[in-house]
Amino acid sequence: ITDQLADQRRAAWSDIARRIAHEIKNPLTPIRLSAERIARRLRAGGPDLPETIERGTKVIVDEVGVLKSLVDEFSRFARLPEMKPEPVDLAALAASAVRLFEGVRDGIDVRVDSRLSRDRVLLDPEQIKRVLINLIDNALEACGPAGQIVVRLSDGPGGVTIEVADTGRGIPLRDREKLFLPDFTTKGRGTGLGLAIVSRIVADHNGTIRVEDNRPRGARFIIELPAA
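Below you will find a few notes about this structure. All values reported here derive from a predicted model rather than from experimental measurement. (Residues numbered from 1 in each chain as written. Predicted model: local features only at pLDDT ≥ 70, side-chain atom pairs only at ≥ 80, totals over all residues. Heavy atoms only, no water.)

Turning to the packing of helix α4 (residues 125-143) against helix α6 (residues 194-204), a few remarks are in order. Following both chains from N to C, one finds α4 and α6 inclined at 145°, their axes separated by 10 Å at the closest point. Along this stretch, α4 crosses α6, giving a crossing that reads as left-handed. Judged by residue contacts, Gln127, Ile128, Arg130, Val131, Asn134, Leu135 and Asn138 of α4 engage Gly194, Leu195, Ile197, Val198 and Ile201 from α6. Of the residues contributing to the contact of α4 with α6, the split by class is 7 nonpolar, 4 polar and 1 charged. (Axes fitted to C-alpha atoms, helices over the stretch in contact; angles between N-to-C directions. Helix = DSSP H or I, 4+ residues; strand = E, 2+ residues; numbered from the N terminus. Left-handed = near helix turned anticlockwise from the far one by under 90°. Contact = heavy atoms within 4.5 Å. Nonpolar A, V, L, I, M, F, W, Y, C, P; charged D, E, K, R; others polar.)

Pasting the structure below:
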């Protein structure tokens, strides 16, 4: 079993390394092309030189920003901070995450529905807030120009249940098993690490996460955490 686990770990990191190389290569191409274009215009001169330089440097700065965000996200995945649980007002924590998205899009309604009977839950507030922000952000993209996102909090069997439900396009059954893998994304952009980080934070809290349909439309991410 130990050998199998080691092989799986090596395969997982090999996949992540390939993903890193692929994602970093994408911004490098426009950076190189812009630098070459600026160099050619500098040699040739001409009245459009300032415009070429300005346009090229903007592309370079933008793509370097993309590279930085990629590196930051991979670093966070590889080295998540140690969990620091404390008694937390989960309803207030969820409300603070939701406030970040208020008014971000006119057609989207984001709200908290708390039915918790306990005042405090033992968890790491920074990491759970990060989970909520990631799930709400994904739900926002899934909804498009209009929809509803609800963060529901309730007492679960032996703990608490956090549910982020949206009225977006939903998640096909074929994608659900791979959804929390570090090299999988349905967006066609980004690193695919967002839900892998969410899954890891939930696991660090000895919790579980799953995705189900949201009737009649959309998806529900359901997190169950022990409330010791």
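Moving on to α6. Gly194, Leu195, Ala196, Ile197, Val198, Ile201 and Val202 are the residues of α6 that are buried. Once α6 finishes, asparagine 206 follows within two positions and takes phi at roughly 60°, a positive value. (Buried < 20%, exposed > 50% of the residue type's maximum accessible area, 1.4 Å probe, protein only.)

Inspection of the sheet shows strand β6 (residues 208-213) paired to strand β7 (residues 219-226) by 6 bridges, in the antiparallel sense. By the bridge assignment for β7, valine 211 is matched with phenylalanine 221. Between β6 and the antiparallel strand that follows it, β7, lie 5 residues; glycine 218 among them carries a positive phi value of about 105°. (Pairing = 2+ DSSP bridges.)

The subject of this paragraph is the sheet that holds strand β4 (residues 147-156). The mixed open sheet is built from 5 strands, whose spatial order is β2-β4-β5-β7-β6. Sheet topology places β2 (108-115) and β6 at the edges, where each strand pairs with a single neighbour. On average, adjacent strands in this sheet sit at an angle of 15° to one another, irrespective of strand direction. When β2 meets β4, the two strands line up parallel, connected through 8 bridges. If you follow arginine 115 over to β4, its bridge partner there is serine 154. Packed onto the sheet, helix α3 (residues 90-99) meets β2, β4 and β5 (159-166) and runs at close to 175° relative to β2. Relative to β6, α6 is tilted by about 130°, and along the sheet it contacts β6 and β7.

Glycine aside, a negative phi is what most residues show, and trans is what most peptide bonds show. Arginine 215 connects to proline 216 through a cis peptide bond whose omega is 0°. Here proline 216 shows up in the loop between β6 and β7. One non-glycine residue, asparagine 206, lies in the positive phi region at around 60°. In this fold, asparagine 206 is placed in the loop between α6 and β6.

The next subject is α4. With 19 residues, α4 should cover 27 Å at 1.5 Å per step; its first-to-last C-alpha distance of 27 Å lies within 8% of that length. Within α4 the residues assigned to the buried category are Pro125, Gln127, Ile128, Val131, Leu132, Leu135, Ile136, Asn138, Ala139, Leu140, Ala142 and Cys143. Note on α4: the residue one or two positions beyond its end, glycine 144, has a positive phi of about 75°. (Expected span 1.5 Å × (residues − 1).)

Let us now look at the pattern of salt bridges. Within this structure, the stated rule accounts for 14 salt bridges. With its nearest N and O atoms 2.8 Å apart, the salt bridge here joins arginine 118 to aspartate 155. Remark: aspartate 155 occurs in strand β4 and arginine 118 occurs in the loop between β2 and β3 (121-123); sequence separation between them is 37 residues. On the basis of relative accessible area, arginine 118 is assigned to the partly exposed category, the value being 31%. Relative accessible area serves as the criterion here: at 34%, aspartate 155 is assigned to the partly exposed category. (Salt bridge = Lys/Arg side-chain N within 4 Å of Asp/Glu carboxyl O.)

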